[in-house]
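# Residue-level structure breakdown
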Amino acid sequence: MGPLLLALALAAAPPAPAAPASPATPSPLSLEQALRLAREHQPALKLARAQVEAARARADEARAPLLPQLSFASSWQRTTANFKAKPGSLPKQFQISQEPSFDTFNYFTAGPQLTQEIDFGANSDRWRSALAKAAGQAQTERALASQAALAVRQAYFNARGVEALVELARQTLASQERHLATVQGFVQMGSRPEIDLAQAKADRASAELQLIQAQGAAANARAQLDLAIGVETAAGAPLADEEMPRLAEEELPAKELLAQALAARPDLASLRSQLKAQQLALRSVQGGYLPTLEASTTATFAGTELSNVSWNFAGQVALNWGLFQGGLVSAQAHEARANLAALQAQVEQLEQAIAAQLVEVRAGVSAAQAALGAAGELLANSRERLRLAEGRYAAGSGSALELSDAQLAVSAAAAQRIQAQYALSLARAQLQAALGRE
């Protein structure tokens, strides 16, 4: 039985260290590199940045009416000079009758106009509202960046876990092939029945199938990672063996954790900026009840010949007050108040959702930590079971089925240990995102 013990020990031994990678092998893709690529290439983030710029431009547009308006106009006419006094515009003794003529004359006019409107707050509140909306859009961009970072981390750890399962499947297949060769030799010597060989072949085929399935899952996980990043990563480049580090906030009291999240969450800050913008929009609408004052000054140069023009200068102050507009301002104010109430409800709803999310993700971290410990214990016990099963098989008291079950249990426990390891990283990434950090 000595050769059998030696063969089983070789089959259970870990594989030899891999040869150093050749210079042509792509370097591993780190999580930080994946996050940087996402910031540069993710279309959703590009869209968010463009929307922020558009919101800032709209704020500049809203500021324009607050500033002086300077314009310049010029014209040239070729016109007849027939004159007919309007009845009552001149006394009869000053009215001159003349025959109409088709003779035409040049007439040139040119001059600048400077205008300043004062509206007692309506335009200034509209501008401040636009500024608040732009600030809210910037916070929305931050929220999308946080979501994109979470998506990259989730895809990265999922792909890294699947790649680890591929490596585990390769090791399992290599172990089953060594076991098959050993059993085949002893069956040929007649020390073991044919059923042991059939069982070893079945175990080897099952290990090969698991490897094929794991490789397919790895290809799909890598495609999902590229989708989260927004650009195709280097083909064949492995993922760095990284995990999400422990967060200091994992042990904070629930109230303190919630206070941090409410102060830092960009989506909540965006809603609060929108709420401020709507308050200013309501004030701007209510400014429609007040008059507007416009001051303007104009200089004109006019004449029938460019070398002989006359100039005129005029200043004007105009007061406009829409005393009744069919209830338009009242209806607009009513709509603005309703929108304000809706935003206040959204803020309250999001605050409650954040509180519930923190409870969920914090429980997820605790459960993942416990699961990782349990998975480690399961793997240790499974390996001990395999050691005992190998000893029984070598002594002739154990069956091939018992040994096969022990080998499968070790593979399953190792897979669960890998899954628990990266599930903890995923849970910590979700907690970090729930706290409003990228």
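Note that the structure is a prediction, hence the values are computed from the model and not measured.

What follows is about the layout of surface pockets. Taken as a whole, the second largest pocket holds about 450 Å³ of empty space. Together, 23 residues line the second largest pocket, and Glu163, Ala218, Arg222, Pro238 and Leu239 are the ones closest to its centre. When contributions to the lining of the second largest pocket are tallied by element, the ones reaching two or more residues are α4 (122-189), α5 (194-229) and α9 (400-434). Residue contributions to the lining of the second largest pocket peak at six residues, all from α4. Across the lining of the second largest pocket, the residue classes break down as eleven nonpolar, four polar and eight charged.

With that settled, the discussion passes to the environment of glycine 322. Mapping glycine 322 onto the fold places it in the loop between β4 (308-320) and α8 (328-395). Residue classification places glycine 322 among the partly exposed positions, given a relative accessible area of 35%. In this structure, the C-alpha to C-alpha distance between glycine 322 and glutamate 53, residues 269 residues apart in sequence, is 35 Å.

Here the focus is the nonpolar core. Counting 38 residues, the largest nonpolar core has Ala34, Val152, Tyr156, Phe157, Leu225, Ile229 and Leu239 as the members making the most contacts within it. Elements with a contribution of two residues or more to this core: α2 (31-41), α4, α5 and α9. In terms of residue count, α4 provides more of this core than any other element does, 13 residues in total. Counting residues in hydrophobic clusters, the runner-up holds 27 residues, among them Ala261, Leu424, Leu431 and Ala434.

Another point: a nonpolar patch on the surface. On the surface, Ile118, Phe120, Tyr289 and Leu290 cluster together into a nonpolar patch covering about 400 Å² of accessible area. Note on placement: leucine 290 falls in the loop between α7 (266-286) and β3 (292-305).

A word on the pattern of salt bridges. Per the stated rule, a full pass over the model turns up 19 salt bridges. Residue arginine 39 pairs with glutamate 438 through a salt bridge whose shortest N-O separation is 3.0 Å. Of this pair, arginine 39 sits in helix α2 while glutamate 438 is found in the segment after α9, placing the two residues 399 residues apart along the sequence. A salt bridge links arginine 128 to aspartate 125, with the shortest nitrogen-to-oxygen separation between them at 3.3 Å.

Okay, α2 next. Taken as a whole, α2 has its buried residues at Leu31, Ala34, Leu35, Leu37 and Ala38. Projected down its long axis, α2 carries its buried residues within an arc of 160 degrees, all on one side. Looking at the buried side of α2, the elements it contacts are α3 (43-63), α4 and α5.

Let us now look at the pairing of strand β2 (residues 104-118). The side chains of a regular strand alternate between both faces of the sheet. Pairing of strand β1 (residues 69-80) with β2, which is carried by twelve bridges, proceeds in the antiparallel orientation. Paired with serine 71 across the two strands is glutamine 113, which belongs to β2. As judged from the nine bridges shared by β2 and β3, these two strands associate in the antiparallel manner. Paired with glutamine 116 across the strands is alanine 295, a residue of β3.

Another point: empty space enclosed by the protein. Where empty space is left can be seen by rolling a probe of water-molecule size over the atoms. Scanning all chains against the criterion turns up one cavity of 30 Å³ or more. Taken as a whole, the largest cavity encloses approximately 40 Å³ of empty space. Of all elements in the fold, only α2 and α4 reach the threshold of two or more residues within the lining of the largest cavity. Taken together, the residues that form the lining of the largest cavity break down as six nonpolar, no polar and two charged.

Another point: the side chain of serine 382. Positionally, serine 382 belongs in helix α8. Among the polar contacts listed, one links the side chain of serine 382 to the backbone oxygen of leucine 378, at a separation of 2.8 Å. If sequence neighbours within four positions are ignored, serine 382 has contacts with Ala409, Val410 and Ala413.

Below, the discussion takes up the packing of aromatic side chains. Summed over all chains, the structure comprises one aromatic pair. An angle of 85 degrees between the planes, with centres 6.0 Å apart, marks the rings of tyrosine 156 and phenylalanine 157 as edge-to-face. A residue is classified by how much of its surface remains accessible, and tyrosine 156, at 0% relative accessible area, is buried. By relative accessible area, phenylalanine 157 is classed as buried at 0%.

Here we have four strands laid out as an open sheet, ordered β1-β2-β3-β4, and antiparallel in their pairing. If you trace the sheet from one side to the other, it starts and ends with β1 and β4, each paired once. Taking the axes of each pair of neighbouring strands and ignoring which way they run, one obtains an average angle of 20 degrees across the sheet.

Procedures and definitions
Residues numbered from 1 in each chain as written. Predicted model: local features only at pLDDT ≥ 70, side-chain atom pairs only at ≥ 80, totals over all residues. Heavy atoms only, no water. 1 Å grid on protein atoms, 1.4 Å probe; cavity = no way out; pocket = protein on both sides within 12 Å on 5 of 7 lines; lining within 4 Å. Points joined across faces, edges and corners; volume = space filled by probe spheres on them. Helix = DSSP H or I, 4+ residues; strand = E, 2+ residues; numbered from the N terminus. Nonpolar A, V, L, I, M, F, W, Y, C, P; charged D, E, K, R; others polar. Buried < 20%, exposed > 50% of the residue type's maximum accessible area, 1.4 Å probe, protein only. Core = buried A, V, L, I, M, F, W, Y, C linked by side-chain atoms within 4.5 Å. Patch = residues over 30% accessible without salt bridge, like charges linked within 9 Å, V, L, I, M, F, W, Y side chains within 5 Å. Areas by Shrake-Rupley, 256 points an atom, 1.4 Å probe, with all protein chains shown as cover. Salt bridge = Lys/Arg side-chain N within 4 Å of Asp/Glu carboxyl O. Arc of directions from axis to C-beta. Contact = heavy atoms within 4.5 Å. Pairing = 2+ DSSP bridges. Polar contact = N/O pair within 3.5 Å; in protein donor to acceptor, adjacent residues only side chain to side chain. Phe/Tyr/Trp six-rings, centres within 6.5 Å; stacked < 30°, edge-to-face > 60°. Axes fitted to C-alpha atoms, helices over the stretch in contact; angles between N-to-C directions.

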